[in-house]
Amino acid sequence: MKAIRRFTVRPVLPEALQPLSDLARNLRWSWHAETRDLFQSVDPERWAASGGDPVRLLGSVPPARLAELAEDRRFLRRLTAAADDLHDYVTGDRWYQSQDRSSDLPAAIAYFSPEFGITAALPQYSGGLGILAGDHLKAASDLGVPLIGVGLLYRHGYFRQTLSRDGWQQEHYPVLDPNELPLTPLSEPDGTPAQVSLGLPGGRRLKARVWLAQVGRVPLLMLDSDVEENDLGERGVTDRLYGGGSEHRLLQEMLLGIGGVRAVRTYCRLTGHPEPEVFHTNEGHAGFLGLERIAELCERGLDFDPALEAVRAGTVFTTHTPVPAGIDRFDRELVARHFGPDAELPGIDVERILRLGMETYPGGEPNLFNMAVMGLRLGQRANGVSLLHGNVSREMFSGLWPGFDADEVPITSVTNGVHAPTWVAPEVFRLGARQIGAERTEDAMTEGGRERWDAIAEIPDQDIWDLRRVLREQLVLEVRERLYASWRQRGAGTAELGWIDGVLDPDVLTIGFARRVPSYKRLTLMLRDPDRLMELLLHPERPVQIVVAGKAHPADDGGKRLIQELVRFADDPRVRHRIVFLPDYGMAMAQKLYPGCDVWLNNPLRPLEACGTSGMKAALNGCLNLSVLDGWWDEWFQPDFGWAIPTADGAGTDEDRRDDLEAAALYELLEQRVAPRFYERGQGGLPDRWIEMVRQTLMHLGPKVLAGRMVREYVERLYTPAAHAHRSMTPDAARELAGWKARVRSTWPSVTVDHVETSATAETAELGTTLALRVRVGLGDLGPDDVEVQAVAGRVDLEDRLEDASAVPLKPAGGPDMEGRWLYEGPLSLDRTGPFGYTVRILPTHRLLASSAELGLVAVPSEGTGEGAGVLLR
């Protein structure tokens, strides 16, 4: 029979055990081993059955056991210590509070993301973007950064993955009850649930409840549309992560952005938390948050353009997408229908809203509203998530800054990091604690510091090798358990599955590959030559075993076919003890998989991997990376601690040939370098050279791949400058900047470089020579305070394009002449040998701009303008 109504019955804890509830409701337990150990001691069997979720655990413990614990002095001492430790962690000063107060750090930062991977007990993530967002919050908590997270609460999460008998991905969407999750409802003073609402076409309303997940010191606000006040359609807005059609996704993103700002305001009103000075948009999904903030300022008396400038000043936009196809884009008419007098933000002209997201640039599709484009137009500061991805992003979005070379597009990069306390295996931590001290190890994982990681040099080789085998053995047991469950779900009987007891070997070189499964990540590159792969797996002296996991998007049949191809190969009785596919890849699996592998494989199409943080998590556990030079690996690879898979850049558009060449390179690396290094033994019977690579991985990559390093970079390079810009953008300053931009844009067609001349008399000159440069320019109705005239010089290629150029400002020499032209002068130093060239350009400048490229306006010499761009040889 099926219940007609469902309740969540909460346990009544004895007074002495009340701190358990506080510990369970703060998600710090997900990365704090001592707190998890305390919960496990409550009831080890029920802890395992709950999947390590304290809320579920406490809901299942019998009252008799709770009464027993309430009288257990040893347990109560541990409980008091854990509660005191959490209190100190949440209230004490940390890195952020120790910073120089003269730096004027932001009072608070709001961090918006469509997904957050905090713990498997709160399944609100699909892949790397969400895990990154979760690690961002945890690291901010560890450092004391006053972040407020904002997301949606999906009643079905992403999806649970199983396989059919023939290896086809099956999706399942279990219902999540917020009352059974580590969440607290945000409530008004009278006890009623706190809500936000949005206007819908036709005068309808979309309402959402606000739930609070406490991530250490950081509150995470999650909006849930499944409330009784909504009609059935509106209740389903937050049903699934990345589900539904275009309108469904648009409503989700409006709720995340617009509703999210309203939730932040509600939270700050109810708790007294400082209002955010900086709003960080993690990918374009939350871009509508800028519109809500503009509307807030318009209600206070600002016009749209000054409000836009004020909002831009305090907004940071991070793009994670290396391909246009990965960006959410909506039909213009769909967006227009959801805004205006009869829908949301009725006080703002719909055309102004549309202009922020339309692809009105060369190569764009002018009828599409692009969420990343809106994010860039609404954010004064933007970044990619690795150095290479920063370059890719500048190229991809260069159409927004016409006239500028891609390397001058104002998109910087902050390379992602991972939260070590979440991803480092307890056994790794214990080895570090035993050898170099627990406090030193904990500091290394949260705050970094090269000197702390250098202490790994003190750990004996034997201890490192013993640790690696323990972790590999744990993975083997985990794989067998999961593989057995998977085969049972596929319809196999117990009698068919005896072979699973022999799957994998704790003494065999183990390779891991776990990703989402879009085509560019190339799940099946390893299968390009199945016979060669089989030889690697079954080598009599140097065998290899591979553990593979990953989910394809439910609508991506191409990705599902790749999974099926891999599964069918792994089902072959000849190799099924050496290669496995594990369904339902998630955080719980990942926390066993990364430590247990010896090599982490990543073979995307370069440069389509924005960062690739799974390899970072593996590295923190002493796993070596074998990867295409893409994302973070392109930035930090050294042959001392890993291998780079060569890329077939010369293959052009022939995808099959490129994949064949790169697969062959992968096989050769495994055959000739990776496997021999693992199985080679030194005089002491240990693989000395392999152990040294593990040591180098930990020492050199450890301090770099930390989320703490990443968050500190955001604070210093983006959040603090954005907070300063926000404070400078008073209403009067915003009006001034908006008026100035309007004047510059209207006048710019009349800004010209009319004549350029230098003191050079020949086409060759000696290194160190300084030339005198004279430039006559027309500024229209602008003056010298509105512009900067620059000489841009550097090496030139065969087409006279400047490379590695640097800009030198020129100064006006007196006032305008009779024709209104201005003369600018300055020195031009020939500071490098070889083909050398220069040009002149005019840029708008204002004290409130973050970049001289911000307006996308530049004036350069036309053909026949004096010397134009001269080329000097040696």
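Residues numbered from 1 in each chain as written. Predicted model: local features only at pLDDT ≥ 70, side-chain atom pairs only at ≥ 80, totals over all residues. Heavy atoms only, no water.

1. What about the overall build of the protein chain?
A tally of regular secondary structure across the protein chain gives 29 helices and 28 strands. Computed over the C-alpha atoms, the radius of gyration of the protein chain is 29 Å, within 12% of the 29 Å expected from 2.2 N^0.38 for a compact globule of 874 residues. Its C-alpha atoms give the protein chain principal-axis dimensions of about 95 × 70 × 50 Å. Looking at the 874 residues of the protein chain, the share that counts as buried comes to 58%. Taking the intrachain contacts of the protein chain between residues at least 6 apart in sequence as the baseline, contacts between residues at least 24 apart amount to 73%. Carbon together with sulfur atoms contributes 49% to the accessible area of the protein chain, which is approximately 35,600 Å² in total. Of note, the protein chain has its 97 positive side-chain charges centred 4 Å away from the centre of its 126 negative side-chain charges. (Helix = DSSP H or I, 4+ residues; strand = E, 2+ residues; numbered from the N terminus. Rg over C-alpha atoms; globule rule 2.2 N^0.38 Å. Buried < 20%, exposed > 50% of the residue type's maximum accessible area, 1.4 Å probe, protein only. Contact = heavy atoms within 4.5 Å. Areas by Shrake-Rupley, 256 points an atom, 1.4 Å probe, with all protein chains shown as cover. Lys, Arg positive; Asp, Glu negative; His and termini not counted. Charge placed at Lys NZ, Arg CZ, Asp CG, Glu CD.)

2. Things to note about the pairing of strand S19 (residues 624–628)
Each regular strand carries side chains that alternate between the two faces of the sheet. Taken across its five residues, S19 has five buried, putting it largely inside the fold. One ladder, built from four bridges, connects strand S18 (residues 599–602) with S19; its direction is parallel. Residue pairing in the sheet places tryptophan 600 in a bridge with asparagine 625 of S19. Crossover handedness for the path S18 to helix H24 (residues 614–619) to S19: right-handed. Both S19 and strand S20 (residues 642–645) contribute to a ladder of four bridges, which runs parallel. From the neighbouring strand, valine 628 faces S20, where its bridge partner is isoleucine 645. Assessed by its sense of winding, the connection that carries the chain from S19 through helix H25 (residues 631–636) to S20 is right-handed. (Pairing = 2+ DSSP bridges. Right-handed = clockwise from strand over helix to strand, strands pointing away.)

3. Looking at a positive patch on the surface
A cluster of basic side chains, namely Arg73, Arg74, Arg77 and Arg78, defines a positive patch on the protein surface. With respect to the helices and strands, the residue arginine 73 is situated in helix H6 (residues 73–91). (Patch = residues over 30% accessible without salt bridge, like charges linked within 9 Å, V, L, I, M, F, W, Y side chains within 5 Å. Salt bridge = Lys/Arg side-chain N within 4 Å of Asp/Glu carboxyl O.)

4. Focus on the environment of tryptophan 31
Tracing the sequence through the fold places tryptophan 31 in the loop between helix H1 (18–25) and helix H2 (33–42). For tryptophan 31, a relative accessible area of 7% translates into the label buried. Through-space distance from the C-alpha of tryptophan 31 to that of threonine 422 is 4.8 Å; in sequence the pair is 391 residues apart. At 3.4 Å, the side chain of tryptophan 31 and the side chain of aspartate 142 are in polar contact. (Polar contact = N/O pair within 3.5 Å; in protein donor to acceptor, adjacent residues only side chain to side chain.)

5. Section: the packing of aromatic side chains
Counted by the stated rule, this structure contains 20 aromatic pairs. Ring centres of phenylalanine 39 and tryptophan 47 lie 6.2 Å apart, and the angle between their planes is 5 degrees; on these two criteria the pair is classed as stacked. Each member of the pair, phenylalanine 39 as well as tryptophan 47, carries the same accessibility label: buried. Between phenylalanine 288 and phenylalanine 339, the ring centres sit 5.5 Å apart and the planes meet at 45 degrees, which makes this aromatic pair tilted. Placement of phenylalanine 288 in the loop between strand S9 (278–282) and helix H10 (289–299) and of phenylalanine 339 in the loop between helix H12 (332–337) and helix H13 (350–357) is noted, with a sequence separation of 51 residues between them. Each member of the pair, phenylalanine 288 as well as phenylalanine 339, is classed as buried. The structure contains a cluster of three or more aromatic residues connected by ring pairs, namely Trp465, Trp643, Phe678, Tyr679 and Trp690. Above the plane of the ring of tyrosine 173 lies arginine 240, whose end atom (NZ or CZ) is 3.5 Å from the centre. (Phe/Tyr/Trp six-rings, centres within 6.5 Å; stacked < 30°, edge-to-face > 60°. Lys NZ or Arg CZ within 6 Å of the ring centre and 35° of its normal.)

6. Description of the sheet that holds S19
The sheet built from six strands is open, its strands ordered S17-S16-S15-S18-S19-S20 with parallel pairing. Two strands in the sheet have a free side with no partner beyond their single neighbour: strand S17 (579–582) and S20. Averaged over neighbouring strand pairs, the angle between their axes works out to 20 degrees when direction is ignored. The pairing of strand S15 (residues 509–514) with S18 spans two bridges and is classified as parallel. Residue pairing for S18: glycine 512 is matched across the bridge by tryptophan 600. Of the strands in this sheet, S15, strand S16 (544–549) and S17 touch helix H20 (residues 461–489), which is tilted by about 65 degrees from S17. Contacts from helix H22 (residues 557–570) reach S16 and S17 within the one sheet, and its direction differs from that of S17 by about 135 degrees. (Axes fitted to C-alpha atoms, helices over the stretch in contact; angles between N-to-C directions.)

7. Examining a negative patch on the surface
The grouping of Glu34, Asp37, Glu439 and Glu442 at the surface amounts to a negative patch. Judged by its relative accessible area of 40%, aspartate 37 is partly exposed.

8. Focus: the packing of H1 against H2
H2 packs onto H1 with a crossing angle of 130 degrees between their chain directions and a minimal axis gap of 11 Å. The pairing of H1 with H2 is recorded here as oblique in orientation. Relative to H2, H1 is oriented so that their crossing is left-handed. Between H1, through Leu20, Leu23 and Ala24, and H2, the contact on the second element is made entirely by Thr35, Leu38 and Phe39. Taken together, the residues that form the contact of H1 with H2 break down as five nonpolar, one polar and no charged. (Parallel < 35°, antiparallel > 145°, perpendicular 65-115°, else oblique. Left-handed = near helix turned anticlockwise from the far one by under 90°. Nonpolar A, V, L, I, M, F, W, Y, C, P; charged D, E, K, R; others polar.)

9. Considering the pattern of salt bridges
Between side chains of opposite charge, a pair can form when the charged atoms approach closely. Following the criterion strictly, the structure yields 57 salt bridges and no others. Of the charged contacts in the structure, one is a salt bridge between aspartate 659 and arginine 522, with a shortest N-O distance of 2.7 Å. Of this pair, aspartate 659 sits in helix H26 (residues 655–679) while arginine 522 sits in the loop between S15 and helix H21 (530–537), and the two are 137 residues apart along the sequence. Among the residues examined, aspartate 659 registers a relative accessible area of 13% and is labelled buried. Taking the relative accessible area as the measure of exposure, arginine 522 reaches 5% and is therefore buried.

10. Re the nonpolar core
Within the largest apolar cluster, 107 residues are counted, with the highest numbers of intra-cluster contacts made by Leu509, Met526, Ile546, Ile579, Leu626, Trp643 and Trp690. Excluding its chain neighbours within four sequence positions, the residues that come into contact with isoleucine 546 are Ile511, Met526, Leu533, Leu537, Arg578, Ile579 and Val580. Grouped together as the second largest cluster of nonpolar side chains are 100 residues, Phe159, Leu251, Phe339 and Ile353 included. (Core = buried A, V, L, I, M, F, W, Y, C linked by side-chain atoms within 4.5 Å.)

11. Examining the side chain of lysine 617
Relative to the assigned elements, lysine 617 resides in helix H24. Of the side chains bearing the opposite charge, aspartate 135 lies closest to the buried lysine 617, which forms no salt bridge; the N-O distance is 5.2 Å. Among all residues touching lysine 617, those that are not within four sequence positions of it are Ile131, Asp135, Val418, Trp423 and Tyr594.

12. Focus: the sheet that holds strand S21 (residues 752–758)
As summarised here, the arrangement of the four strands in space is S21-S22-S26-S25, forming an open sheet in which the pairing is antiparallel. The sheet is open, and its two borders are formed by S21 and strand S25 (811–812), each paired with just one other strand. Relative to strand S22 (residues 770–778), S21 runs antiparallel, the two being bridged by six bridges. Within the sheet, the bridge partner assigned to valine 753 lies in S22 and is valine 777.

13. Some remarks on H20
Helical periodicity: at 3.6 residues per turn, an α-helix aligns residues three or four positions apart in one direction. Helix length check: H20 (29 residues) gives 42 Å between terminal C-alpha atoms against 42 Å at 1.5 Å per residue, within 8%. At the exit of H20 stands glycine 491, carrying a positive phi of roughly 105 degrees. (Expected span 1.5 Å × (residues − 1).)

14. A few points about helix H15 (residues 387–396)
Within the sequence span of H15, burial applies to Leu388, His389, Gly390, Val392, Ser393 and Arg394. Tucked into the core, H15 has its buried residues touching strand S13 (381–384), strand S14 (412–413) and H25.

15. With respect to the side chain of histidine 285
Among the secondary structure elements, histidine 285 is positioned in the loop between S9 and H10. Given a relative accessible area of 11%, histidine 285 falls into the buried group. For histidine 285, the residues in contact, after removing those within four places along its chain, are Pro114, Leu129, Tyr242, Arg249, Glu253, Leu256, Asp328 and Met371.

16. Re the state of the cysteines
On inspection of all chains with the given rule, the structure shows zero disulfides. Of all cysteine sulfurs in the structure, the one in cysteine 623 sits closest to cysteine 597, which takes part in no disulfide; the separation is 5.6 Å. (Disulfide = S-S within 2.5 Å.)

17. Focus: the packing of H26 against helix H27 (residues 688–701)
Where H26 meets H27, the axes come as close as 6 Å, and the angle between the chain directions of the two elements is 105 degrees. With respect to H27, the element H26 is oriented roughly perpendicular. Of the residues in H27, those in contact with Val674, Arg677 and Phe678 of H26 are Arg689, Trp690 and Met693. Of the residues in the contact of H26 with H27, the class split is four nonpolar, no polar and two charged.

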